[in-house]
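So you can see what is in the structure, the chains are spelled out below.
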Amino acid sequence: MTDTIQTPAATATDQASEAVQAEEFLYLDPAEIIIGTNVRTDLRADHKEFRKSIKERGVLEAVTVYRNEDGQYVLLRGQRRTVTAAEVGTPTGMIPARVVPQPADADRIGDQMVENIHRAGMREAEIVAGVEQLALLGVSAAQIAKRTSIDRPTVNAALVVTKADQSRNRLDSGDLTLEEAAIFAEFEHDPEAVERLENAKRWRRSLAHEAQRLRDEAAEREADAAEVERLRAEGLPVLSAEEVAEADEVLRIERLVTEEGESLPEEEWPNVPGARVQVVKEWVYPEDECDDTAEDEASEQDDEEECEPAEPYQQYVPVWVVTDLAASGLRRRGGGSSSTASADEGGESEEEAEARREERRRVIANNKAWASAETVRREWLATFVARKTAPKGAEALICEAVVTGHHSLSKAMDHRHPMLFTLLGIDVPTGYYGAGYEECHKIATKASTPKAATMTTLAAIVAAWEATTGKHSWRNPTAWDARVLGALVEWGYQPSEVERILLGEEPQPSTEDDSEDDADEASDSAA
């Protein structure tokens, strides 16, 4: 049964009238409406108050339908209302319906997601399904975000999950959130990585930090393998990382001697039986260029610019080694290796050597963890500084930084807030004599309301602190480190284990494999 209320047709050419279907408002029997494809799968039509309202008062807001080729009415929007009305009935047995032209699939999916995404309760699994359908129709991630008003990170996460069956199943079951599922999906092909993520989730550690460490470790392995292949192409007998890990011992030839107790000349190292090359990374500490700068050169520098030594860096070094000491014809320097002998000779005991190696492993692990954490933290801060209003407690942090004139803020002001520019996605100005003033002025004048001004000032203070952090931070944390990071944690940031050192917390022992350092450790112990 159908009651029709047709709107007056607009004046147009006959050709246009045939191409464009006139819009109608009808009253339809809900049981006769075909439920079309919908991104929403969980109707939640069992809500008592909702069912009671439909039964007693009917459907108050018209649903949207279109006519298919057979003249049947197919539902576009209003699935819960239609299904519930068909089940419990209405006072008239009819529901209001707006008839529109049949939309393209991409428009239909996008409209359905817009209708549901901004209502409370649309499941993340349904968001993934909708994004997947749009992607299959060739709609780009940027266009999906625009059509549905879903933020781009959520769209990207949904697209990642669509390609990983296991993670998607866990999302559907409610075991993972969309953000978590996207992280697991990225590493679904790697059982060891998934296990590390599972452990992080089990112990309520940050999945974002663990995922970044996995990415960084993979990039490091790739770079190491590339260097191995480069040296092999030059004709050197280079050990792979796997061969190093499987070797019982990897001893540097430079730390071994002949049977006569003499050091072997470097040019003879390639001729040692079983000699191979191991690629190691060694730290390079540049000399303090500030001390070596001539007075006439220093006078040319801007008075406000601070001269700072270059940051240490790592470089690949090929090291000649043996993995079978007996076959090499060489021996350890000094003969025996007992702790007593070492101590009697004035060297360190085995216990001392092991303590030194353990500390070295800790430093290496924490330095790597800090580098990974920095990536995650700065991504979070980039979102944080874009907030419209400051979080609770921001005024106290601002007051402390400004009134005490904290050196991190003073330094940032002297240098025109380079980290703030970075976090805001603005090119950092270069040059002397006021470079960046105009850009800073634009940022300040844009904050024209009290709330915006407070947030902009907070962003400058947090960015100034971030600019002073580095691998030294976990070794020598300050009270200001604890103050700022503690505030960020209160405002939603989840710190990694190494960052918790700044808060006065001791990180839990790492269970990760430090095999990449084992060969170097063996070399140290053989010296």
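Small disclaimer: the values here were computed from a predicted structure and weren't measured.

How each quantity is defined
Residues numbered from 1 in each chain as written. Predicted model: local features only at pLDDT ≥ 70, side-chain atom pairs only at ≥ 80, totals over all residues. Heavy atoms only, no water. Phe/Tyr/Trp six-rings, centres within 6.5 Å; stacked < 30°, edge-to-face > 60°. Helix = DSSP H or I, 4+ residues; strand = E, 2+ residues; numbered from the N terminus. Buried < 20%, exposed > 50% of the residue type's maximum accessible area, 1.4 Å probe, protein only. Pairing = 2+ DSSP bridges. Polar contact = N/O pair within 3.5 Å; in protein donor to acceptor, adjacent residues only side chain to side chain. Contact = heavy atoms within 4.5 Å. Axes fitted to C-alpha atoms, helices over the stretch in contact; angles between N-to-C directions. Parallel < 35°, antiparallel > 145°, perpendicular 65-115°, else oblique. Left-handed = near helix turned anticlockwise from the far one by under 90°. Nonpolar A, V, L, I, M, F, W, Y, C, P; charged D, E, K, R; others polar. pLDDT = per-residue confidence, 0-100. Core = buried A, V, L, I, M, F, W, Y, C linked by side-chain atoms within 4.5 Å. Expected span 1.5 Å × (residues − 1). Salt bridge = Lys/Arg side-chain N within 4 Å of Asp/Glu carboxyl O.

Draft legend 1. Broad picture of the packing of aromatic side chains. Enumeration according to the criterion identifies three aromatic pairs in this entry. Centre to centre, the rings of F384 and W491 are 5.6 Å apart; their planes meet at 10 degrees, and the pair counts as stacked. One end of the pair, F384, is in helix α17 (residues 350-384); the other, W491, is in the loop between α24 (479-490) and α25 (515-526), and 107 residues separate them in sequence. The two residues F384 and W491 agree in class, both being buried. What links up through ring pairs into an aromatic cluster is the set W380, F384, W491 and Y493.

Draft legend 2. Region of interest: unusual backbone geometry. Positive phi outside glycine occurs at R204, with the angle close to 60 degrees. Topologically, R204 is positioned in the loop between α10 (191-202) and α11 (207-233). Despite not being glycine, H417 shows a phi value in the positive range, around 50 degrees.

Draft legend 3. Inspection of the pairing of strand β9 (residues 313-322) at higher detail. Strand direction decides the pairing type here: strand β6 (residues 251-252) and β9, joined by two bridges, are antiparallel. Paired with L251 across the two strands is V322, which belongs to β9. The sheet contact formed by strand β8 (residues 276-284) and β9 spans nine bridges and is antiparallel. When the sheet's bridge partners are listed, R276 is paired in β9 with V321.

Draft legend 4. The arrangement of the side chain of S372 in detail. Structurally, the position occupied by S372 is in helix α17. Of note is the side chain of S372, whose polar atom sits 2.5 Å from the side chain of D216. With near-sequence residues (within four places) excluded, S372 lies in contact with Q212, R213 and D216.

Draft legend 5. Expanded view of the sheet that holds β6. In spatial order, the strands read β6-β9-β8; together these three strands make up an open sheet with antiparallel pairing. In this open sheet, the two strands that pair with only one neighbour each are β6 and β8.

Draft legend 6. Spatial organisation of the pairing of strand β2 (residues 24-28). The alternating pattern of β2 places E24, L26 and L28 on a buried face and F25 and Y27 on a face that is not buried. The pairing of β2 with strand β5 (residues 95-99) spans five bridges and is antiparallel. Residue pairing for β5: L28 is matched across the bridge by I95.

Draft legend 7. Focus on the packing of α17 against helix α22 (residues 450-468). At a minimum axis separation of 11 Å, α17 and α22 run at an interaxial angle of 165 degrees. Our classification of the angle between α17 and α22 gives roughly antiparallel. Handedness of the crossing formed by α17 with α22: left-handed. Every residue of α22 that contacts α17 at E374, R377, R378, L381 and F384 is listed here: M455, L458, V462, W465 and E466. Looking at the contact of α17 with α22, its residues break down into six nonpolar, no polar and four charged.

Draft legend 8. The confidence of the model for the protein chain, seen in detail. Confidence along the protein chain averages 83 in pLDDT terms, with 78% of residues attaining 70 or more. The low-confidence segment residues 291-305, where pLDDT is below 50, has eight contacts with residues more than four positions distant or belonging to other chains.

Draft legend 9. Highlighting the packing of helix α5 (residues 124-136) against helix α7 (residues 152-162). For the pair α5 and α7, the least separation of the axes is 9 Å and the interaxial angle reads 80 degrees. Considering the angle they form, α5 stands roughly perpendicular to α7. Along the contact surface, α5 presents V128, V131, E132 and A135, while α7 presents V155, A158, L159, V161 and T162. In terms of residue class, the contact of α5 with α7 is built from seven nonpolar, one polar and one charged.

Draft legend 10. A look at the nonpolar core. Counting 36 residues, the largest nonpolar core has L458, L488 and W491 as its most contacted members. Those elements that provide at least two residues to this core are α17, α18 (394-404), α19 (407-414), α20 (418-424), α22 and α24. Looking at this core element by element, the count peaks at nine residues for α22. Ranked by size, the runner-up nonpolar core spans 29 residues in total, among them V139, L176, A181 and I183.

Draft legend 11. View of α5. Between its terminal C-alpha atoms α5 stretches 18 Å, which fits the 18 Å expected from 13 residues at 1.5 Å a residue. Restricting attention to buried positions, one finds in α5 the residues A125, E126, I127, V128, A129, G130, V131 and L134. Of the residues trailing α5, G138 is marked for its positive phi of about 90 degrees.

Draft legend 12. Geometry of the pattern of salt bridges. Evaluation of the coordinates by the stated rule reveals 32 salt bridges. For R170, the salt bridge is made with E198, and the minimal N-O distance between the two is 2.6 Å. On the criterion of sequence distance, the pair formed by R170 in helix α8 (residues 165-173) and E198 in helix α10 is long-range, its members being 28 residues apart. For K281, the salt bridge is made with E220, and the minimal N-O distance between the two is 2.4 Å. Separated by 61 residues along the polypeptide, K281 in strand β8 and E220 in helix α11 bring together distant segments of the chain. Among the residues examined, E220 registers a relative accessible area of 21% and is labelled partly exposed. Salt bridges sharing common partners tie together E350, E354, R357, E358 and R361.

Draft legend 13. Representation of the side chain of T84. Relative to the helices and strands, T84 is located in helix α3 (residues 79-88). With a relative accessible area of 0%, T84 lands in the buried category. Within the structure, the side chain of T84 is placed 2.8 Å from the backbone oxygen of R80, a separation counted as a polar contact.

Draft legend 14. Representation of the environment of V74 within the structure. Within the secondary structure layout, V74 lies in strand β4 (residues 73-77). In this structure V74 comes out as buried when scored by relative accessible area, which is 7%. Put simply, V74 and I33 are 41 residues apart on the chain and 5.8 Å apart in space, counted from C-alpha to C-alpha.

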